[in-house]
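# Remarks on the overall topology
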Amino acid sequence: MADENRQGDGGGPKDGDGIRTFPFPVDLSLLGVGMQVGPMGAGRTWHAHAPLHRVHRIDFHVVMLFTGGPVRHMVDFAEHEATAGDLLWIRPGQVHRFSPDSEYRGTALTMQPGFLPRATVEATGLYRYDLPPLLRPDEARLAGLTASLDQLRREYEDATTLPLSLHTAVLRHTLSAFLLRLAHLAVSSAQEARQGPAPGDTAFTLFRDAVERGFAANHSVSAYADALGYSRRTLVRAVRAATGQTPKGFIDKRVVLEAKRLLAHTDMPIGRVGAAVGFPDAANFSKFFHQHTDQTPAAFRAELR
């Protein structure tokens, strides 16, 4: 299996200088297709050197449907407690950690980002980092998700009935059906938490994707509005309807999250952490971080170590 990657400041990483990022375990999947689905349990891992109880990143999606619990799992500095009937959706790049004190029971689905066509990726919101990772479906939705996931698992394990090309095509379609159900649950859960209208605005979707690509260098709402061809007022209205935040607050939240990831899980000097999220001046970075967290970067790092 390929060695894990390290993500730090974008330059050539040094030992200890970056968050460990583990690749999708292609060699452990049936016939080498870009997904896996099967029972959770001891001995399952994405890499021989991946200590799952330590913080790390993965470059693929993980969806866990629990049949027992409670299970505590950290995703991007938030501790989530899942129990039977809950789902946890971890997206590529998110920092997470398995709990060594929890017994993980249920079904785990992993998939490479490139396994599905772009239209399906967009329709299912695979990169909606603004959506909650922990999902609690009602009885009817859980029944639909469970049946869909069971069907996907049967198709995945049936590696002999069809030629590989058809087997892969069937898996993509079956996986898409499951993800459409899951995406609808995730969006509905976010709407219920906000008690607001559905975010059907394309302006927000384009803004969210642009921020994800450019937050490390661009913190300007006006610059994003100009690049996307919207007025600042239109962007404010779209982002507020979708998230309850201002565009500036949305950008700042993403910058703070990345800064926290690097401070907590790498040995990068604080000045380099600031530069990696768009603050060449260390003093300005410290001021920004303190303003949003009530802690200095050094204090935040010390608290977690």
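Up top you'll find the structure we're talking about.
Residues numbered from 1 in each chain as written. Predicted model: local features only at pLDDT ≥ 70, side-chain atom pairs only at ≥ 80, totals over all residues. Heavy atoms only, no water.

## Considering the overall build of the protein chain
Put simply, the rule reads: Strands are runs of DSSP state E lasting at least 2 residues, helices are runs of H or I lasting at least 4, and numbering of each runs from the N terminus. Here's how the labels work: a residue is buried when its accessible area is under 20% of the maximum for its type, exposed when over 50%, partly exposed in between, all with a 1.4 Å probe on protein chains only. Working rule for contacts: check all heavy atoms of both residues, and any pair within 4.5 Å makes them a contact. Accessible areas in this description were obtained via Shrake-Rupley with a 1.4 Å probe; residue shielding takes into account the shown protein chains only.
Broken down by element type, the protein chain carries ten helices and eleven strands. The 305 residues of the protein chain split such that 47% are buried. Pairs at least 24 apart in sequence give 70% of the contacts found in the protein chain among residues at least 6 apart. Entry remark: accessible area of the protein chain is about 14500 Å², with carbon and sulfur atoms responsible for 52%.

## Some remarks on the sheet that holds strand E3 (residues 35–39)
Selection rule: Following DSSP output, two strands are said to pair if at least two bridges run between them.
Taken together, five strands build an open sheet; the order of strands is E3-E10-E5-E8-E11 and the sheet is antiparallel. In the strand order of this sheet, the two ends are held by E3 and strand E11 (134–135), each with one partner. Of the strand pairs in this sheet, strand E8 (residues 87–90) and E11 are connected by two bridges, and their pairing is antiparallel. Paired with Leu88 across the strands is Leu134, a residue of E11.

## Description of helix H7 (residues 247–265)
Stated formally: By definition here, a helix of n residues has an expected span of 1.5 Å times n minus one.
For H7, built from 19 residues, the straight-helix expectation of 27 Å at 1.5 Å per residue is met to within 8% by its first-to-last C-alpha distance of 27 Å. Most of H7 is tucked away, with 14 of its 19 residues classed as buried.

## Quick notes on the sheet that holds strand E7 (residues 78–82)
As summarised here, the arrangement of the three strands in space is E7-E6-E9, forming an open sheet in which the pairing is antiparallel. Looking along the sheet, the strands with just one partner apiece sit at the ends: E7 and strand E9 (96–97). Bridge count for strand E6 (residues 71–75) against E9 is two bridges, and the pairing is antiparallel. Following the sheet pairing, Val75 is matched in E9 by His96.

## With respect to unusual backbone geometry
Phi is mostly negative for residues that are not glycine, and the peptide bonds are mostly trans. Pro70 follows Gly69 through a cis peptide bond whose omega is 5 degrees. Examined against the element boundaries, Pro70 turns out to sit in the loop between strand E5 (61–66) and E6. In this structure, Phe77 is a non-glycine residue whose phi angle is positive, near 75 degrees.

## Some thoughts on the pairing of E7
Across a regular strand the side chains alternate sides, sitting on one face of the sheet and then on the other. Note that E6 and E7 share five bridges and pair antiparallel. Following the sheet pairing, Arg72 is matched in E7 by Glu81. Here E6 folds back onto E7 in antiparallel fashion, the turn holding two residues, of which Asp76 has a positive phi close to 50 degrees.

## Focus: the pattern of salt bridges
As a reminder, the rule being used: Put simply, a salt bridge is a Lys or Arg side-chain nitrogen that is within 4 Å of an Asp or Glu carboxyl oxygen.
All chains considered together, the criterion is met by 14 salt bridges. The residue Arg105 makes a salt bridge to Glu103 at a minimum N-O spacing of 3.3 Å. Accessibility expressed as a relative area gives 35% for Arg105, which makes it partly exposed. The salt bridge partner of Arg128 is Asp130, with a shortest N-O separation of 2.7 Å. Overall, Asp130 belongs to the partly exposed group, its relative accessible area being 27%. Connected through salt bridges with shared partners, the residues Arg57, Asp76, Glu212, Arg254, Glu258 and Arg261 form a single ionic network.

## Focus: the packing of aromatic side chains
Definition in use: The criterion for an aromatic pair is that two Phe, Tyr or Trp rings (for Trp, the six-membered ring) have centres within 6.5 Å, with stacked assigned to planes under 30 degrees apart, edge-to-face to planes over 60 apart and tilted to the rest. A ring is scored as having a charge over it whenever the NZ atom of a lysine or the CZ atom of an arginine sits within 6 Å of its centre and within 35 degrees of its normal.
Under the definition given, this model contains twelve aromatic pairs. Ring centres of Phe24 and Phe60 lie 5.6 Å apart, and the angle between their planes is 85 degrees; on these two criteria the pair is classed as edge-to-face. Taken together, the positions of Phe24 in the loop between strand E2 (19–22) and E3 and Phe60 in the loop between strand E4 (57–58) and E5 put the pair 36 residues apart, joining distant regions of the chain. Phe60 carries the same exposure label as Phe24, and that label is buried. On the basis of an interplanar angle of 35 degrees and a centroid distance of 4.8 Å, the ring pair of Phe279 and Phe288 is categorised as tilted. Take Phe288: its relative accessible area is 9%, and that puts it in the buried class. By the ring-pair criterion, three or more aromatic residues cluster together here, those being Phe77, Phe279, Phe285, Phe288, Phe289 and Phe300. The ring of Trp89 has Arg91 sitting right over it, with the charged end atom 3.8 Å from the ring centre. Here the basic side chain of Arg172 rests over the ring of Phe115, its NZ or CZ set 4.8 Å away from the ring centre.

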